[in-house]
Structures are given as C-alpha cells and as structure tokens.
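Structural overview for review
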Amino acid sequence: MKENIQYVLVWNGWLRICHWALAVGVLFQLFSAFALSHQHIDYAFWFDWHQIIGQSLLLVLGLRIILSFQPGSGHWRSFMPNRAKLNGMLQMLKFYISMARGPLPNWYAHNPLWQPLYLIIVLVLIAACITGMLQDQYAQLHSSLAMIISLFTLFHVVTAFVHDWKGKGGMISAMVNGYRYFHNDNPVQNSVSQGTEYRIPLTSITRKKPDPDQPSQ
C-alpha cells in the first residue's frame, strides 16, 4: 500500500516566537544565575540583566496565556486529557522505558506524556519570575523553582532530540518553520486530527512546501 505523507502547519508564528523567546530567556537566566554564584564577576551587571530578562519573560508568558485562548494547537483545550491521550501517554512511557528502542508513537502537536508538564512549567516560570523580583523574601523558593526549571529544560532538550531522531515528523524543524510531516499508510483514514491537511504521494516529495491554495492530490 502506498504511503501517504501529509505536510501540516502545526505551530503558527506567534507560538514559535513564544517558544524561542522562552527558550533563550530561560537559558540566559540559568547561565546568569550560575555566574552570580561565583566570585570575581561583575555582580551588578549580571544581577541587573537577570532582573531585566526575568521581567521580560513575564511579558512572553502573558502572550502565551493570551494565545491559549486563540484557535489552533496552542489552545488550552489541547492540553485537556481524553482517552486517546491517555493511551498515548502509556505508549510514550513504554518508549522511554525501552530506552528509545521501542516504537515512537505519533501525535499531532504536544507529546501526550509531556502535556501536563507544559501547563505546570508555565506556572513554575511565572512563580519564578515573581519570586525573583521579590528575591529578599523568597530567595529559597526562587532557587527551588529555578532547579525545577533546570531539570525540565534538560529533559525537554534531550527528549526533543530523541523524538526527532526516532521519528519521521521533523519535530525540531517544526519549531522553526511550523510544519510537521505525518506518515499514513491508509489515505482513507487520516491520523491528523487538527490543522490543514496536505496529502503528498511518496514518489513526488520535494523540498518545496505545498501550496495551501492548491487542492490536495
């Protein structure tokens, strides 16, 4: 049976901007926090920029919250559990337990096992930004939240590379150009539940993106 490949816009521009702004901001915060813990550095310089970037992250998080009420893969309903997602979470657990030797299940936008963590990490980031501005009163809490963010960042980066390596969907590049590939052996039963659908015969794949104004083949 001919394999069918769909090239689908999953992440719109604003969601990608939020993702990379948070990624760069969080990495800078972790690095600057590391610098502040060492002597022989310009403490005032690093502290000021740590505060500035932390306050800027609050603005980005505010934008992300606004986008959660807009249509698309970033809507808050996409994080709500259902039977299919629970099954996907189980399959992802099997994949991780097998040390990536088992089959990698497919998903549309968010990894089903990480979906609850995405909501939690947004709350943790907001709390970290606020406690950072109130450092004197909540220094210990701020440090604990920063540790949670550090661990999440590490596992997120590692698993993103593993998913891209074991999968066929272009998951990392999707956060750059917004598009993912969906492979479907049965063109009648479409596994993509959201977004615009593009069907491309396996023998005619090129680097050119499908024209959304043209009908599917």
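One can find the structure itself at the top, above this paragraph.
This report concerns the structure included in the present document. Quick caveat: nothing in here was measured; it's all calculated off a predicted structure.

The subject of this paragraph is the environment of Gly 62. Relative to the helices and strands, Gly 62 is located in helix α2 (residues 43-67). As a C-alpha pair, Gly 62 and Cys 18 span 44 residues in sequence and 9.8 Å in three-dimensional space.

Quick look at the packing of aromatic side chains now. Tallying each qualifying case throughout the model produces eleven aromatic pairs. A ring pair is formed by Tyr 7 and Tyr 179, whose centres lie 4.8 Å apart and whose planes are at 20 degrees; its orientation type is stacked. Highlighted residues: Tyr 7 in strand β1 (residues 4-9) and Tyr 179 in strand β2 (residues 179-184), separated in sequence by 172 residues. With centroids separated by 5.4 Å and ring planes inclined at 85 degrees, the aromatic side chains of Phe 45 and Trp 46 adopt a geometry described as edge-to-face. According to the relative accessible area criterion, Trp 46 is buried, its value standing at 18%. Every member of this aromatic cluster is reached through a ring pair, and the members are Phe 28, Phe 31, Phe 45 and Trp 46. Seen from the ring of Trp 165, Lys 166 lies directly overhead, with NZ or CZ sitting 5.2 Å from the centre.

As a further point, take the nonpolar core. Within the largest apolar cluster, 34 residues are counted, with the highest numbers of intra-cluster contacts made by Val 10, Trp 11, Tyr 108 and Ile 149. Elements supplying a minimum of two residues to this core: α1 (13-36), α2, α3 (83-97), α4 (115-133), α5 (135-166) and α6 (171-177). It is α4 that provides the largest number of residues to this core, a total of six residues.

Running from N to C, α2 and α4 point in directions that differ by 145 degrees, and their axes come no closer than 9 Å. Considering how the two elements wind past one another, α2 and α4 form a crossing that is left-handed. Between α2 and α4, the residues in contact are Gln 51, Gly 54, Gln 55, Leu 57, Leu 58, Leu 61 and Ile 65 and Val 122, Leu 125, Ile 126, Cys 129, Gly 132 and Met 133, respectively. Classifying every residue of the contact of α2 with α4 by side-chain character gives nine nonpolar, four polar and no charged.

A separate point is α2. End to end, α2 covers 36 Å across 25 residues, agreeing with the expected 36 Å (1.5 Å per residue, within 8%). For α2, the full list of buried residues reads Trp 46, His 50, Gln 51, Ile 53, Gly 54, Leu 57, Val 60, Leu 61, Arg 64 and Leu 67. On its buried face, α2 sits against α1, α4 and α5.

Another point: unusual backbone geometry. Positive phi is not limited to glycine here, since His 40 has a value of about 60 degrees. Residue placement: His 40 occurs in the loop between α1 and α2. Phi is positive for Met 99, which is not a glycine, with a value near 60 degrees. Secondary-structure assignment places Met 99 in the loop between α3 and α4. On the basis of relative accessible area, Met 99 is assigned to the exposed category, the value being 60%.

This brings us to the pairing of β1. For β1, a buried count of five out of six residues is recorded, marking the element as mostly surrounded by other parts of the structure. Across six bridges, the pairing between β1 and β2 is antiparallel. Bridging across to β2, Asn 4 finds its partner in Asn 184.

Criteria and cut-off values
- Residues numbered from 1 in each chain as written.
- Predicted model: local features only at pLDDT ≥ 70, side-chain atom pairs only at ≥ 80, totals over all residues.
- Heavy atoms only, no water.
- Helix = DSSP H or I, 4+ residues; strand = E, 2+ residues; numbered from the N terminus.
- Phe/Tyr/Trp six-rings, centres within 6.5 Å; stacked < 30°, edge-to-face > 60°.
- Buried < 20%, exposed > 50% of the residue type's maximum accessible area, 1.4 Å probe, protein only.
- Lys NZ or Arg CZ within 6 Å of the ring centre and 35° of its normal.
- Core = buried A, V, L, I, M, F, W, Y, C linked by side-chain atoms within 4.5 Å.
- Axes fitted to C-alpha atoms, helices over the stretch in contact; angles between N-to-C directions.
- Left-handed = near helix turned anticlockwise from the far one by under 90°.
- Contact = heavy atoms within 4.5 Å.
- Nonpolar A, V, L, I, M, F, W, Y, C, P; charged D, E, K, R; others polar.
- Expected span 1.5 Å × (residues − 1).
- Pairing = 2+ DSSP bridges.

Scope: geometric values only; no functional claims are made or implied.
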